[in-house]
Amino acid sequence: MNYYSLNNIAPTTTFENAVIKGLAPDRGLYFPENITPLDASFFENIENLSNEDIAFEAIKQFISPEIPEAVLKTIVSETLSFDFPVVKLTESISTLELFHGPTMAFKDVGARFMARCLGYFNKNNSNEVTVLVATSGDTGGAVANGFLGVKGVRVVILYPSGKVSNIQEKQLTTLGQNITALEVEGTFDDCQDMVKKAFLDDDLTSLMQLTSANSINVARWLPQLFYFMFAYKQLKHQYKDIVFSVPSGNFGNVCAGMIAQKLGLPIKHFIASNNDNNVVTRYLESNSYDPKPSVQTVSNAMDVGNPSNFIRIQAIYNNEFDTLKSNLSSYSFTDEETKQALDEIYKTTNYIADPHGAVGYLGSKSYLKTNPEAHCVFLETAHPTKFLDVVKEVIDAEIPLPPQIKSVIDKQKVATDIKDYSEFKAFLTQL
Ligand SMILES: *Cc1c(COP(=O)(O)O)cnc(C)c1O
């Protein structure tokens, strides 16, 4: 599959190049040239297929022929070595648990898939690739874990000091080997700006091959389309109008869901559920896109002021506002509402959500007010123990730590302090 730049200046390129470069030379995000719907029989029989088979069939067209099918099968099955259960909470609301991977964040799938693709492309290459990643919380851990020990790949993670949870920080600062963490005095937006600046910096790009493991990278973004298929497989015989509520930050996840829909998956509608970083909610109300600097919330992985994947969503809908609006609703919720939702979910269903999932739950409820016939599935994007401070404040219950979390808690943090771009650049130069 070839990919074109959404800035439309750079030439189209291969999957391999799109993965290695991250961004196009004209700074645009890459987008697949074609999306060919899968056979109707695929969806009719989906409940008879394994997750590996579903994922392989769904992603094949975007990856081949550059990765041979046998290799792709292995990559897919290694990526998906855990469960993706749907848990029914009420007659109208279920949750799709995406937190059963090694760092208990939904980003594990994209990170593991991308790491293996890059590892494959790099296996005969003596030049190291340096992956730069800015994280507002969960990306760092998932990428660190997914890329640990991958030959020929070095990972540098930037995270905002004091703005990620204790467990998230441990997950991204304790692995060592080819993974380095930089603790930035500033916000997530500052981290993301530094990464963007590095990609544009000729001094650096002439010195090293830089790429991104944020969802701008097609190999991290596209595998997220699997989730929606896995949920459909579990729900198709029970509900007709399936609607996904996606707790959204950079909008990679919901955008991948829209690709699944383009492939023919019968999804009725999407809900982008936001915290106070709500540029898309405001856009759908006003048809005016007005990004603001990010503000800190209790669902910190969604503290994004200017979501990088929104341009891909616009491409899917040919920049037609009304078409987008007929397929996507968006609501935003305050921290107070999020905490009340954690409490409500627990009291009414005995389910312990995390703050991001709680925002997704609230989005489902808002949508159901005017669409009572729908069945809403909100994505549980992280395990509640990753946000224990917030969850404990609301829910008075023993929440046992899963083994994935226990294993990092007592490890020693190793991070380098970074104040500004010049320090970041100096750090990269001496690698
Ligand atoms: C990254 C993340 C999100 C937001 O996903 P996007 O694809 O950036 O919209 C939501 N919840 C959690 C827990 C995350 O880590």
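Everything below is about the structure printed above this text.
All values reported here derive from a predicted model rather than from experimental measurement.

Q: Describe the packing of aromatic side chains, with residues and values.
A: What characterises a pair of aromatic rings is the spacing of the ring centres plus the angle enclosed by the ring planes. Applying the stated criterion across every chain, the model contains 21 aromatic pairs. Centroid distance Tyr 3 to Phe 15: 6.0 Å. Interplanar angle 45°. Geometry classified as tilted. Here Tyr 3, found in strand β1 (residues 2-5), pairs with Phe 15, found in helix α1 (residues 15-21); they are 12 residues apart in sequence, far enough to count as distant. Plain terms: the ring middles of Tyr 120 and Phe 121 are 5.7 Å apart, the flat faces sit at 65° to each other, and that makes the pair edge-to-face. Phe 121 carries the same exposure label as Tyr 120, and that label is buried. Connected via pairs of aromatic rings, a cluster forms that spans Phe 82, Phe 84, Phe 106, Phe 113, Phe 226, Tyr 227 and Phe 230. Cation over ring: Lys 123 sits above Tyr 120, and NZ or CZ is 4.0 Å from the ring centre.

Q: Please provide a residue-by-residue account of the pairing of strand β8 (residues 179-184), values included.
A: Of all 6 residues that make up β8, 5 are buried, and the element is covered over most of its length. Handedness of the β-α-β unit built from strand β7 (residues 153-160), helix α7 (residues 166-173) and β8 comes out right-handed. Bridging between β8 and strand β14 (residues 416-418) involves 3 bridges; their strand directions are parallel. Each residue of the ladder has a partner; that of Leu 182, found in β14, is Thr 416.

Q: Residue-level account of empty space enclosed by the protein, with values.
A: A full pass over the atoms with the stated rule returns 3 cavities of 30 Å³ or more. What the largest cavity holds in volume is close to 280 Å³. Looking at the largest cavity, it is lined by 25 residues, and the ones nearest its centre are Phe 106, Lys 107, Gly 249, Asn 250 and Ala 301. Where the lining of the largest cavity is concerned, the elements lending two or more residues are α6 (138-147) and α12 (252-262). For the lining of the largest cavity, a count of residues per class yields 9 nonpolar, 13 polar and 3 charged.

Q: Report on the nonpolar core, specifying residues and quantitative values.
A: Core analysis: the largest hydrophobic core is formed by 105 residues, its most contacted members being Phe 15, Phe 147, Leu 225, Phe 228, Met 229 and Phe 244. Those residues within four positions of Phe 244 in sequence are excluded, and the remaining contacts are Phe 228, Ala 231, Ile 267, His 269, Phe 270, Ile 271, Val 377 and Leu 379. Within the second largest apolar cluster, 31 residues are counted, among which are Met 104, Ile 167, Ala 341 and Ala 374.

Q: Hey, could you go over the site of the ligand for me, with residue numbers and the actual values?
A: What surrounds the ligand is a group of 15 residues, the closest being Lys 107, Gly 249, Asn 250, Phe 251 and Thr 381. Within the backbone of Asn 253, a nitrogen or oxygen atom sits 2.9 Å from an oxygen atom of the ligand. Note that a nitrogen atom of the ligand is positioned 2.8 Å from one of the side-chain N or O atoms of Thr 381. Relative to its free-state accessible area of 380 Å², the ligand is covered by the protein chains to the extent of 98%. With respect to the pocket detection grid, the ligand is positioned in the largest cavity. The residue inventory of the shell around the ligand, partitioned by class, reads 6 nonpolar, 7 polar and 2 charged.

Q: Any chance you could break down the environment of Thr 334 for me, citing the residues and the numbers?
A: Topologically, Thr 334 is positioned in the loop between β12 (328-332) and α16 (335-349). For Thr 334 and Ala 415, which are 81 residues apart along the polypeptide, the C-alpha to C-alpha distance reads 32 Å.

Q: Explain the side chain of Ser 245 to me, and be specific about the residues and the numbers.
A: Take Ser 245: it is sitting in strand β10 (residues 242-247). Here Ser 245 falls in the buried class, since its relative accessible area comes to 0%. The contacts of Ser 245, once residues within four sequence positions are left out, are Ile 271, Ser 273, Gly 360, Gly 363, Ser 364, Val 377, Phe 378 and Leu 379.

Q: With reference to specific residues and values, describe α12.
A: The buried count for α12 comes to 10 of 11 residues, which makes it a mostly enclosed element. Considered for burial, the residues of α12 that qualify are Gly 252, Asn 253, Val 254, Cys 255, Ala 256, Gly 257, Met 258, Ile 259, Ala 260 and Gln 261. Trailing α12 by a residue or two, Gly 264 shows a phi angle of about 115°, which is positive.

Q: Tell me about the side chain of Gln 61, and please be specific about residues and values.
A: By secondary structure assignment, the location of Gln 61 is in helix α3 (residues 51-63). A polar atom in the side chain of Gln 61 sits 2.8 Å from the backbone oxygen of Thr 36. Discounting residues that sit within four places of it in the chain, Gln 61 has contacts with Met 1, Asn 34, Ile 35, Thr 36, Leu 38 and Leu 263.

Rules and cut-offs
- Residues numbered from 1 in each chain as written.
- Predicted model: local features only at pLDDT ≥ 70, side-chain atom pairs only at ≥ 80, totals over all residues.
- Heavy atoms only, no water.
- Phe/Tyr/Trp six-rings, centres within 6.5 Å; stacked < 30°, edge-to-face > 60°.
- Helix = DSSP H or I, 4+ residues; strand = E, 2+ residues; numbered from the N terminus.
- Buried < 20%, exposed > 50% of the residue type's maximum accessible area, 1.4 Å probe, protein only.
- Lys NZ or Arg CZ within 6 Å of the ring centre and 35° of its normal.
- Right-handed = clockwise from strand over helix to strand, strands pointing away.
- Pairing = 2+ DSSP bridges.
- 1 Å grid on protein atoms, 1.4 Å probe; cavity = no way out; pocket = protein on both sides within 12 Å on 5 of 7 lines; lining within 4 Å.
- Points joined across faces, edges and corners; volume = space filled by probe spheres on them.
- Nonpolar A, V, L, I, M, F, W, Y, C, P; charged D, E, K, R; others polar.
- Core = buried A, V, L, I, M, F, W, Y, C linked by side-chain atoms within 4.5 Å.
- Contact = heavy atoms within 4.5 Å.
- Near = heavy atom within 4 Å.
- Polar contact = N/O pair within 3.5 Å; in protein donor to acceptor, adjacent residues only side chain to side chain.
- Areas by Shrake-Rupley, 256 points an atom, 1.4 Å probe, with all protein chains shown as cover.
- Sits in = over half its atoms within 2 Å of the grid points.

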